[in-house]
Amino acid sequence: MYLLAHLSDPHLGPIPEARISELLGKRFFGMMNWIGARRRNFGAATLAPLLTDLLAQGADHIAVTGDLVNVSLPSEFDTGATFLTSLGAPDAVTVVPGNHDAYVHSALAYHLEHWAPFLSGDDTHPDTPLDRDSFPFVRRRGPVAIVGVSTAIPTAIFLASGAVGRAQLERLSRTLAELKREGLFRVVMIHHPPVGERPFHRDLRDAKAFRKVIAEAGAELVLHGHDHRASLGWIDTPGLRVPVVGVPSASAGPEDGRGAGRYNLYRISGEPGAWRCEMEARGYMAGQTDVSSRERRIIVGE
Ligand SMILES: [Fe+2]
Ligand SMILES: [Fe+2]
């Protein structure tokens, strides 16, 4: 049995002091959002017990689906790197970027520079600088292949959308087909949800094209964040239903309107053609302050 953990959207605080020039435009509104979130008990006080519970599970691998930072100030990425290191060694922790990790155009490369050990593929040479063409990257771990997709694009003020892009989608299609031939349980990590409806300004622009790639090439599990809500959707393909799982922010307090802080565990067993995956959600519940099991269900196999 392979144990995979999934958390998302910690939006680590505090936001470091910034120069006035850095806070003009989009970052100013992001800062106001963060201050508002703090008032809703969103932050380190709820994240820490959740992480303690997570680390006690002894997961083989931890997947983090983005939005580690808030307004993409340079020092926030050091905080992000410290956070990732606290979860485990880079070969046991994988991250993909969210829209907040590429919040303004000038910060587009920061996550690639600061978090490189956590978002490079097995065959990426450590001296090779990462860029958008480095995605999707692949990490093979036992029976599992982790496929990291980037939806990070520069967006205008008030936009939180993302896109995979045609070139990355073509690489993703080839990669998934190759991993199927290798007989691996394919886990695709993507920040923006590829299923469900949401307003244009928060959407994955090429969600339909992404779903088509998954439907044609196949995958066993898709993990995402961004909505800060617990969700389970499906991409249907002939003979295969691919579960698409979203998890609330790991920093959300028990009373958070979008969903109390949670992470998910996936217990993966079986073999090609007969995979089994049980999902367990662990986290807070309204009115309670302890972290415990909230839901268990089989999402792949019988
Ligand atoms: Fe987020
Ligand atoms: Fe997001």
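Please refer to the structure placed before this passage.
Everything numeric in this text was worked out from a predicted model, so none of it was measured.

Draft legend 1. Here's a closer look at the environment of proline 117. With respect to the helices and strands, the residue proline 117 is situated in the loop between helix H4 (110-114) and strand E4 (137-141). Taking the C-alpha atoms as reference, proline 117 lies 9.4 Å from valine 95; in sequence the two are 22 residues apart.

Draft legend 2. Quick peek at the sheet that holds strand E10 (residues 262-271). On the basis of which strands lie adjacent, the open sheet formed by six strands has the order E3-E2-E1-E10-E11-E12 and mixed pairing. Where the open sheet ends on each side, the last strands, each with one partner, are strand E3 (93-95) and strand E12 (292-300). Averaged over all neighbouring strand pairs, the angle between strand axes comes to 20°, with direction disregarded. As judged from the three bridges shared by strand E2 (residues 61-64) and E3, these two strands associate in the parallel manner. The residue of E3 that forms the bridge with valine 64 is valine 95.

Draft legend 3. Up close: the pairing of strand E11 (residues 274-283). Pairing between E10 and E11: ten bridges, direction antiparallel. Pairing of glycine 270 across the sheet is with tryptophan 275, part of E11. Taken together, E10 and the strand that follows it, E11, pair antiparallel across an intervening segment of two residues, in which glycine 273 is found at a positive phi of about 90°. In the sheet, E11 pairs with E12 via seven bridges, with the strands oriented antiparallel. Within E12, the residue paired with cysteine 277 across the bridge is valine 300.

Draft legend 4. Highlighting the sheet that holds strand E6 (residues 185-189). One open sheet accounts for six strands, arranged E4-E5-E6-E7-E9-E8; its pairing is mixed. The open sheet has two edge strands with one neighbour each: E4 and strand E8 (231-237). Here the average twist between neighbouring strands, direction ignored, is 20°. Taken strand by strand, helix H6 (residues 207-217) contacts strand E7 (221-224), E8 and strand E9 (240-246), and its axis lies near 60° from that of E8.

Here is what the cut-offs are and how they apply
- Residues numbered from 1 in each chain as written.
- Chains lettered and ligands numbered in written order.
- Predicted model: local features only at pLDDT ≥ 70, side-chain atom pairs only at ≥ 80, totals over all residues.
- Helix = DSSP H or I, 4+ residues; strand = E, 2+ residues; numbered from the N terminus.
- Pairing = 2+ DSSP bridges.
- Axes fitted to C-alpha atoms, helices over the stretch in contact; angles between N-to-C directions.
- Contact = placed C-beta atoms within 7 Å.

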